[in-house]
There are 2 protein chains.
Amino acid sequence: MRATIIAKPGDIRVENVPDPEIVQPTDAILGIVATCVCGSDLRDYRGINPVDEPHPIGHEYLGVVEEVGGEVASIKPGQFVIGSFFASDNTCPNCHAGYHTSCLHREFVGGAQAEYLRVPLADGTLVALPEEPHEEQVASLLACSDVMGTGWYAAVAAEVNPGVTVAVVGDGAVVTERGEEGITRIRELTEGVGADSVLECVGTAESMRQALRSTRPGGNVAFVGVPHDVQIDGQELFYSHVALRGGPAPVRAFLRELIDHVLAGRINPGKVFDLTLPLDEAAEAYRAMDERRAIKVLLRP
Amino acid sequence: MRATIIAKPGDIRVENVPDPEIVQPTDAILGIVATCVCGSDLRDYRGINPVDEPHPIGHEYLGVVEEVGGEVASIKPGQFVIGSFFASDNTCPNCHAGYHTSCLHREFVGGAQAEYLRVPLADGTLVALPEEPHEEQVASLLACSDVMGTGWYAAVAAEVNPGVTVAVVGDGAVVTERGEEGITRIRELTEGVGADSVLECVGTAESMRQALRSTRPGGNVAFVGVPHDVQIDGQELFYSHVALRGGPAPVRAFLRELIDHVLAGRINPGKVFDLTLPLDEAAEAYRAMDERRAIKVLLRP
């Protein structure tokens, strides 16, 4: 099959590799309908994360089930399915608590930018669509696999509810000021006390500081950007009265609900994709995102 | 009046000082019925906190109103009242949110180990009892002023509810192991995943680490011991999926409810006092707690 390989930072290739096979009886093999490039893939591409050896890349996927292992009970060949970037059994205490990305048997699903993909723990990981999706739903369904689910988790973790004030620290800011000026601006907009809920979507020391100081006492910060060199001072957090919860989004917990919203037309997260390319042009997809010519690129095998 | 002064670490004296007077029209002067020594007073006594110059000490109080300023509307002379260690207006956005210790006009109430005490923002700070308390209720009502209110806040902040598993990191542990062994023991007791709610009541780097690692993914740590030299690693917190909220307990938010529980006999937090002394023996109260001959000492002027 054709698969996207990151050979080293800045070097994306689409190559012929062996088709994936069932390894565990709980596996499924998907034919990929749509996949895409994530901001975290870009960290590899830019050499911010180490790339020790060439490896398949990609972890967001909408696919059709080609084959299942002998112990897979609920997922059937022919179904259209979506899963998260972490496989999860959906039965352990952490999954029951809604934190599937802390599943006691979690396994990273890698190599999704390809024609086929092996997904472990298929019954726990995958959610089947009721029928083959319409072409115009593909992008929004794919978005549920990570980017939409991560934003949704951030909102849940920050206790966003009707009526609360929300600030997002991330790309495409409404308030353009950063650092102390950004904090002052948010306070001016919120009775002088800060926002009820702040979503920290970057993962740097500066963005975390801005998030914490933009939140009112008693408010909530959710952080979904993997923190790099971030240390939080215990005493400052103490006196801030701000609650903090982060982590890799347990997308699986929200997947059924998000799919329902997409199929009913209530949300259209596929809008985030502003470029679609054939899988064989994956290298151009990375370049376009790296050079900010595209926000997020959808790939079709 | 007689008042307890910390002259320097290890040096507690009860001296004659001028009676407090109304300074702001929102002040009240209380005659102290009962007061006590806090673990945080001990930090001054032990020289862990700097004591730059001799000053009055104590911040927990049950009193009777002697006099009020011209703008005090709801608090009346003759009422028996309890307040928190932070005065608060009970009207600002942070008080409305239930975080009175982040009141925009908060003021520390110091010098409560004395015959009389000036309390700022009396209408917002003080809660009046329906009548003069019975002698056997005094200790439990006094406890609401800080120690009971702080424990209550920790439970609320850690989302303790019927059915959840709770671990307390602090003095008097059931699990006697510390550090990694303590974490392992808590995990053994909780399906291998950790407790739902953990109350961190110490404030050291070790106790914070133990609290965070004893909590299940999706669980909550509340921290109410003022953190000293505690840095929380952003990436570790991220992957733990644990939420963290701390701060000086907004006791005022819970005071009415706690007083009702005490008066109805549902809780008896006065049990924490295992020694009662006259105010003039405050130095012995500090010695007894410092030497662990007493857990907490009640003082009667």
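Residues numbered from 1 in each chain as written. Chains lettered and ligands numbered in written order. Predicted model: local features only at pLDDT ≥ 70, side-chain atom pairs only at ≥ 80, totals over all residues.

Engineer: Please explain the interface of chain A and chain B as it appears in this structure.
Structural biologist: How big an interface is tends to be stated in terms of the accessible area lost upon association of its parts. Taken together, the 30 residues of chain A in the interface contact 30 residues of chain B. At the level of elements, helix 2 (93-96), strand 13 (215-223), strand 14 (231-233), helix 8 (234-240) and strand 15 (243-246) of chain A are the ones that each hand at least two residues to the side of chain A that touches chain B. A total of 5 residues in the side of chain A that touches chain B trace back to one element, the largest contributor, which is helix 8 of chain A. By residue class, the composition of the side of chain A that touches chain B is 16 nonpolar, 10 polar and 4 charged. The pairing of strand 14 of chain A with strand 14 (residues 231-233) of chain B spans 3 bridges and is classified as antiparallel. Looking across to strand 14 of chain B, one finds that Q231 of chain A is bridged to D233 of chain B. (Contact = placed C-beta atoms within 7 Å. Helix = DSSP H or I, 4+ residues; strand = E, 2+ residues; numbered from the N terminus. Nonpolar A, V, L, I, M, F, W, Y, C, P; charged D, E, K, R; others polar. Pairing = 2+ DSSP bridges.)

Engineer: Just checking my understanding: could you explain the sheet that holds strand 4 (residues 55-56) of chain B for this structure?
Structural biologist: The strands making up a sheet associate through hydrogen bonds between their backbones, and the pairing can be parallel or antiparallel. Residue and element names in this part refer to chain B. Reading across from one edge, 2-1-4 is the order of the 3 strands in this open sheet, with antiparallel pairing throughout. Across the chains shown, the open sheet's two edge strands, defined by having one partner strand only, are strand 2 (11-16) and strand 4. For strand 1 (residues 2-8) and strand 2, the ladder comprises 6 bridges, and the chain directions are antiparallel. Paired with R2 across the two strands is N16, which belongs to strand 2. On the sheet, helix 10 (residues 282-290) packs against strand 1 and strand 2 and is oriented at approximately 160° with respect to strand 2. (Axes fitted to C-alpha atoms, helices over the stretch in contact; angles between N-to-C directions.)

Engineer: Looking at this structure, I do not really get the relation of the copies chain A and chain B. What am I missing?
Structural biologist: Applying a rotation about an axis and a shift along it to one chain copy brings it onto the other copy. The two copies are related by a screw motion: chain A maps onto chain B through a turn of 180° and a shift of 0.0 Å along the axis, at an RMSD of 0.0 Å. Each copy turns onto its partner about a two-fold axis. Both copies contact each other with a shared surface, as 100% of the interface residues of chain A are interface residues in chain B too. (Least-squares fit on C-alpha atoms with pLDDT ≥ 70 in both.)

Engineer: Even after reading the chapter, I still don't get the pairing of strand 5 (residues 61-68) of chain A, so can you show me in this structure?
Structural biologist: Residues and elements named next belong to chain A. Sheet analysis places strand 3 (residues 28-36) next to strand 5, joined by 7 bridges and oriented antiparallel. When the bridges of strand 5 are listed, I32 appears paired with G63. Where strand 5 and strand 6 (residues 80-82) come together, 3 bridges link them in antiparallel fashion. Residue pairing for strand 6: L62 is matched across the bridge by I82.

Engineer: Help me understand the domain arrangement of chain A, please; the structure alone is not making it clear to me.
Structural biologist: Partitioning chain A into structural domains gives domain 1 (2-146 + 249-300) and domain 2 (154-246). Domain 1 of chain A and domain 2 of chain A are separated by 29 Å when their C-alpha centres are compared. (Domains from an automatic or database assignment.)

Engineer: Would you take a moment to explain the sheet that holds strand 4 (residues 55-56) of chain A for this structure?
Structural biologist: Residues and elements named next belong to chain A. Here we have 3 strands laid out as an open sheet, ordered 2-1-4, and antiparallel in their pairing. Every interior strand has two partners, whereas the edge strands, strand 2 (11-16) and strand 4, have only one. Sheet contacts for helix 10 (residues 282-290): strand 1 (2-8) and strand 2; angle to strand 2, the most-contacted strand, approximately 160°.

Engineer: Please explain helix 10 of chain A as it appears in this structure.
Structural biologist: An α-helical segment advances 3.6 residues per turn. Residues three or four places apart therefore align on the same side. All names here are of chain A. Along helix 10, the positions that sit buried rather than exposed are A282, A285, Y286 and M289. An end-on view of helix 10 places all buried positions within 95° of arc, on one side of the element. The inward-facing, buried residues of helix 10 contact strand 1, strand 2, helix 1 (39-45), strand 16 (275-278) and strand 17 (297-300). R292, located one to two residues past helix 10, shows a positive phi value of around 60°. (Buried ≥ 20, exposed ≤ 12 C-beta atoms within 10 Å, placed from the backbone. Arc of directions from axis to C-beta.)

Engineer: Could you clarify how one ought to interpret helix 9 (residues 251-263) of chain A in this entry?
Structural biologist: Residue and element names in this part refer to chain A. Counted at 1.5 Å a residue, the expected span for helix 9 with its 13 residues is 18 Å, and the 17 Å between its end C-alpha atoms agrees. Where helix 9 bends most, the angle comes to about 30°, and this point is E257. Restricting attention to buried positions, one finds in helix 9 the residues V251, R252, A253, F254, L255, L258, I259 and V262. The secondary structure elements touched by the buried residues of helix 9 are strand 6, helix 3 (122-125), strand 10 (127-128), helix 4 (138-143) and helix 5 (147-157). With its phi angle positive at about 80°, G265 sits one or two positions after the end of helix 9. (Expected span 1.5 Å × (residues − 1). Bend = angle between axes of the 7 residues up to and from the residue.)

Engineer: How do you make sense of the packing of helix 5 (residues 147-157) of chain B against helix 9 (residues 251-263) of chain B when you look at a structure like this?
Structural biologist: What describes two packed helices is the angle between their axes and the distance between those same axes. Residues and elements named next belong to chain B. Their axes nearest at 9 Å, the elements helix 5 and helix 9 cross at an angle of 105°. Looking at the two axes, helix 5 sits roughly perpendicular to helix 9. Two secondary-structure elements touch here, helix 5 through M148, G149, T150, W152 and Y153 and helix 9 through V251, F254, L255 and L258. For the contact of helix 5 with helix 9, the class distribution of residues is 7 nonpolar, 2 polar and no charged. (Parallel < 35°, antiparallel > 145°, perpendicular 65-115°, else oblique.)

Engineer: Teacher, can you tell me more about the pairing of strand 3 of chain A here?
Structural biologist: Here is the key point about a regular strand: its side chains alternate between the two faces of the sheet. Residues and elements named next belong to chain A. Most of strand 3 is tucked away, with 7 of its 9 residues classed as buried. The sheet contact formed by strand 3 and strand 9 (residues 116-119) spans 4 bridges and is antiparallel. Considered in strand 9, the bridge of I29 is made with R118. In this sheet, strand 17 lies alongside strand 3 in antiparallel orientation, the contact comprising 2 bridges. In the strand pairing of strand 17, T35 is matched with L299.

Engineer: For this particular structure, what's the right way to read unusual backbone geometry?
Structural biologist: One non-glycine residue with positive phi stands out, namely D229 of chain A, at about 55°. Judged by C-beta crowding, with 10 C-beta atoms within 10 Å, D229 of chain A ranks as exposed. You will see that E191 of chain B, though not glycine, has its phi angle at about 55°, which is positive. Accessibility expressed as a C-beta count within 10 Å gives 14 for E191 of chain B, which makes it partly exposed.

Engineer: Explain the environment of C144 of chain B to me, please; I cannot follow it from the model alone.
Structural biologist: All names here are of chain B. Take C144: it is sitting in helix 4 (residues 138-144). Along the primary structure C144 and E115 are separated by 29 residues, whereas in three dimensions their C-alpha atoms are 19 Å apart. If we skip the residues at most four places from it in the chain, C144 touches I82, G149, L255, L258, I259, V262 and P269.

Engineer: For this particular structure, what's the right way to read the packing of helix 6 (residues 179-188) of chain B against helix 7 (residues 205-213) of chain B?
Structural biologist: All names here are of chain B. Running from amino to carboxyl end, helix 6 crosses helix 7 at an angle of 25°, the nearest separation of the two axes being 9 Å. The orientation of helix 6 with respect to helix 7, classified from their angle, is roughly parallel. In terms of crossing hand, the pair formed by helix 6 and helix 7 is right-handed. Between helix 6 and helix 7, the residues in contact are G179, G182 and I183 and E206, Q210 and R213, respectively. (Left-handed = near helix turned anticlockwise from the far one by under 90°.)

Engineer: Sorry if this is basic, but what is going on with the environment of V297 of chain B here?
Structural biologist: Residues and elements named next belong to chain B. Considering the arrangement of structural elements, one finds V297 in strand 17 (residues 297-300). The buried category is assigned to V297, around which 22 C-beta atoms lie within 10 Å. Separated by 244 residues in the primary sequence, V297 and E53 have C-alpha atoms spaced 24 Å apart. If near-sequence neighbours (up to four positions away) are discounted, V297 is found in contact with C36, V37, F273, L275, L277, A285, A288 and M289.

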